[in-house]
Amino acid sequence: MSGLVWLNGSLQAAEAVGITVSDRGFLLGDGVFETLRWRGGAVVRLEAHLARLVRGAAVLGLPLPPAATLAAALADTAAANGLVDGALRLTVSAGPGARGLPRPATPTPTVLVTAAPSGPALAPARVLIATITRRNEHSPLSGIKSLAYLDQILARNEAVTRGADDALLLNTVGHVACATAATLFAVLDGALVTPPLASGALPGTRRAAVLAALGGEERILAPSDLRRATELFLTSSLMVRPVVAVNGQTVGEGRPGPVAVAALSQA
């Protein structure tokens, strides 16, 4: 990584910064993060992202800097790197601590903001249903963006090994929850649907925007539902990506559909 990053209150050269070896985010995955879209001189859906960060930090019992401080850090990092259209990542770890699981009585979080330009547009995805791991819908971590992403990494590795672009994760009872780093939407019987949060889906910021704008609904999805969907697509703060095949079976007509195109307009 090159350029400038914001670390604990100041902009610094990325090559020169360091995280202490006792940082709990590095050692234990103890922390939360947000990936945000920067466009037109502002963060897209900033309030929704910061609200989700606050909820996640509350689940973990982490103190956060004021929202105004975080918003300024994001804007300063984008400006310092000349970012026009790209991604910002805001990471908050529990900071340094002694060996073992207990935190310090008063944690001193590590707060880091990094910036990256937008990459090339992603081609429509061929996905598979992960077999190596499942989403635990009973865990409070399923509803937050914690630093512990090993289940998603295992699922993505499985997808790559088997020649797919991404993986869909089932939950503990076999319902569809999400992709490795995105929300899944389906068009079934003419209706736009997405797995409910109770199935283990992350409350995505673009997910909420798409549901509100396009009149979608939350519905439990079984793997068999995917086989009869006329459209499938993935959304995240950075993209809308049509899905053209699941486990080798073509979705709909095998090309991006009109609902996915409409979802693109929801920033």
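Residues numbered from 1 in each chain as written. Predicted model: local features only at pLDDT ≥ 70, side-chain atom pairs only at ≥ 80, totals over all residues. Heavy atoms only, no water.

This part covers the side chain of Gln152. Structurally, the position occupied by Gln152 is in helix α4 (residues 150-161). Residue classification places Gln152 among the buried residues on the basis of a relative accessible area of 9%. With residues near it in sequence (within four places) discarded, Gln152 still touches Arg135 and Thr180. (Helix = DSSP H or I, 4+ residues; strand = E, 2+ residues; numbered from the N terminus. Buried < 20%, exposed > 50% of the residue type's maximum accessible area, 1.4 Å probe, protein only. Contact = heavy atoms within 4.5 Å.)

The next thing to look at is the packing of aromatic side chains. Counted according to the given criterion, the structure contains two aromatic pairs. With centroids separated by 5.4 Å and ring planes inclined at 70°, the aromatic side chains of Phe33 and Tyr149 adopt a geometry described as edge-to-face. Of this pair, Phe33 sits in strand β3 (residues 31-39) while Tyr149 sits in the loop between β7 (125-129) and α4, and the two are 116 residues apart along the sequence. Here Phe185 and Phe233 contribute two aromatic rings whose centre-to-centre distance is 5.2 Å and whose plane-to-plane angle is 15°, an arrangement assigned as stacked. In this pair, Phe185 is assigned in strand β10 (residues 183-188) and Phe233 in strand β13 (residues 231-235), connecting sequence segments 48 residues apart. For the pair shown, Phe185 and Phe233 are each scored as buried. Seen from the ring of Phe33, Arg89 lies directly overhead, with NZ or CZ sitting 4.0 Å from the centre. (Phe/Tyr/Trp six-rings, centres within 6.5 Å; stacked < 30°, edge-to-face > 60°. Lys NZ or Arg CZ within 6 Å of the ring centre and 35° of its normal.)

Spatially, β2-β1-β6-β5-β3-β4 is the arrangement adopted by the six strands of the open sheet, whose pairing is antiparallel. Looking along the sheet, the strands with just one partner apiece sit at the ends: β2 (10-13) and β4 (42-43). Relative to strand β5 (residues 85-93), β3 is paired through nine bridges, and the arrangement is antiparallel. Within the sheet, the bridge partner assigned to Arg39 lies in β5 and is Asp85. Those strands touched by helix α2 (residues 46-60) are β3, β4 and β5, and its axis lies near 175° from that of β3. (Pairing = 2+ DSSP bridges. Axes fitted to C-alpha atoms, helices over the stretch in contact; angles between N-to-C directions.)

Before going further, it helps to examine helix α5 (residues 205-214). Taken together, the buried positions of α5 are Thr205, Arg206, Arg207, Val210 and Leu211. Positioned one or two residues after α5, Gly215 has a phi angle of 70°, which is positive.

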